[in-house]
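Each chain is listed here by its residues.
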Amino acid sequence: MTYDEILKEARTCIGNYCKACPVCNGRACRNQIPGPGAKGVGDTAIRNYDKWQEIRVNMDTICANKPVDTSLEIFGHTMKYPFFAGPVGAVNLHYGEKYNDQSYNDVLVSACAKAGIAAFTGDGVDADVMKFATEAIAKEGGMGIPTIKPWNLETIQEKMNQAQSANAFAVAMDIDAAGLPFLKNMTPPAGRKSVEELHKIVRMTNVPFIVKGVMTVRGALKAEAAGADAIVVSNHGGRVLDQCPATAEVLSEIADAVKGKMKIFVDGGIRSGTDVFKALALGADGVLICRPFVTAVFGGGEEGVKTYIEKIGAELADTMSMCGADSLKEITRDMVRC
């Protein structure tokens with residue numbers, strides 16, 4: 001199955017909002033929520049994509065011709081590639097009826113694990129979203145990262161217990177989801193968290209805790225103070241706040257401030273293995289890719305996910321080879337031009 005075949009099939013079943021575009025750049029879906037679009041005028045998702053394209057890579061082929069190693073060591077596990085599938089919840093609402101949260105997670109988590117990477121899974125107002133996600137992770141021996149919304153502490157503890165029962169090797173919170181319209185005015189309340197509250201949440205789990213939704217050095221330092229093991233530089237794909245900077249614009253300064261103290265992931269508009277390379281050069285340890293994995297599932301199931309992972313992995317390996325980096329540790333900032 002080719003990637004073009006995946007896209008063609010996805011367009012027959014992915015619903016009314018996502019267009020399964022040849023390049024997922026935020027333009028065709030723009031401000032469509034429900035759907036994959038961004039908040040407000042919808043320009044943040046577009047900016048995420050565009051800013052990665054403005055960064056160029058510096059070719060250097062005067063070096064030893066050795067095999068390229070794309071593997072990543074993270075939280076005691078070896079991943080074949082330094083990218084992960086990003087979290088999605090309420091799949092049938094946003095993308096179409098072919099999959100619900102249970103069937104989507106069953107396909108995604110399994111396919112990612114078999115291909116040598118891990119999937120972040122989503123959360124939602126419906127308690128079954130987390131239930132199905134953690135069940136899928138449990139089937140793969142804990143190879144997945146459940147992502148919890150910023151609910152009240154009692155609800156978070158319940159979801160942490162589910163993650164622990166699944167033996168998930170790490171757990172995340174997309175704290176920027178406080179900006180999602182459906183979380184506002186809820187009972188029990190959900191929303192922003194103080195450093196002290198976040199510290200209590202970190203202590204609820206005995207596995208690495210990842211704070212997703214950091215866009216400033218100040219925010220990264222707060223996550224560090226709360227005891228987080230990692231952060232995801234993310235603006236939630238533009239879905240939580242209009243007129244944000246792109247993640248590519250803030251990654252390097254955040255990495256300079258906290259590199260070595262926490263692991264750093266980044267998402268937002270990363271659409272090729274070359275983009276993954278750019279993110280690593282700017283200081284990320286790993287990358288999350290979200291919307292295109294939905295297209296891969298809808299267009300090809302487990303085979304579609306496998307094909308997509310191999311596509312991004314091959315592009316990364318080729319870029320590393322052409323820029324003189326034989327391992328992830330050899331990717332340095334001078335290999336890109338901003």
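Before any of the text, the structure's been laid out above.
The following paragraphs examine the structure supplied in this document. (Residues numbered from 1 in each chain as written. Predicted model: local features only at pLDDT ≥ 70, side-chain atom pairs only at ≥ 80, totals over all residues. Heavy atoms only, no water.)

1. Describing unusual backbone geometry
(1) Moving on: Residue Pro 34 follows Ile 33 across a cis peptide bond; omega there is 5°.
(2) Moving on: By the secondary structure assignment, Pro 34 is in the loop between α1 (3–10) and α2 (43–54).
(3) Moving on: Positive phi outside glycine occurs at Arg 30, with the angle close to 30°.
(4) Moving on: Following the sequence through the fold, Arg 30 ends up in the loop between α1 and α2.
(5) Moving on: Its identity as a non-glycine residue notwithstanding, Ala 90 has a phi of 55°, on the positive side.
(6) Moving on: In this structure, Ala 90 sits in the loop between β4 (83–85) and α3 (91–95). (Helix = DSSP H or I, 4+ residues; strand = E, 2+ residues; numbered from the N terminus.)

2. Here we look at the packing of aromatic side chains
By convention here, two paired aromatic rings are described through the distance between centres and the angle between planes.
(1) Moving on: Evaluated as defined, the whole model comprises seven aromatic pairs.
(2) Moving on: Ring geometry for Tyr 3 versus Tyr 308: centroids 5.6 Å apart, planes at 35°, classification tilted. In this pair, Tyr 3 is assigned in helix α1 and Tyr 308 in helix α11 (residues 291–323), connecting sequence segments 305 residues apart.
(3) Moving on: Under the relative-accessibility criterion, Tyr 3 is labelled buried at 17%.
(4) Moving on: Pairing Tyr 81 with Phe 83 gives two aromatic rings, centres 5.2 Å apart and planes at 10°, and the pair type is stacked. (Phe/Tyr/Trp six-rings, centres within 6.5 Å; stacked < 30°, edge-to-face > 60°. Buried < 20%, exposed > 50% of the residue type's maximum accessible area, 1.4 Å probe, protein only.)

3. Here we look at empty space enclosed by the protein
The gaps of empty space that remain are located by a probe, the size of a water molecule, rolled over the atoms.
(1) Moving on: Tallying each qualifying case throughout the model produces two cavities of 30 Å³ or more.
(2) Moving on: Taken as a whole, the largest cavity spans an internal volume of roughly 150 Å³.
(3) Moving on: Taken together, 18 residues make up the lining of the largest cavity; nearest its centre are Cys 18, Ala 20, Cys 21, Cys 24 and Asn 25.
(4) Moving on: When contributions to the lining of the largest cavity are tallied by element, the ones reaching two or more residues are α1 and α11.
(5) Moving on: Tallying contributions element by element places α11 first for the lining of the largest cavity, with three residues.
(6) Moving on: Residues of the lining of the largest cavity, tallied by class, amount to twelve nonpolar, three polar and three charged.
(7) Moving on: Of the voids in this model, the second largest cavity is the one considered here, and its volume is about 50 Å³.
(8) Moving on: A total of three residues in the lining of the second largest cavity trace back to one element, the largest contributor, which is α2.
(9) Moving on: Here the lining of the second largest cavity is built from residues that sort into three nonpolar, six polar and two charged. (1 Å grid on protein atoms, 1.4 Å probe; cavity = no way out; pocket = protein on both sides within 12 Å on 5 of 7 lines; lining within 4 Å. Points joined across faces, edges and corners; volume = space filled by probe spheres on them. Nonpolar A, V, L, I, M, F, W, Y, C, P; charged D, E, K, R; others polar.)

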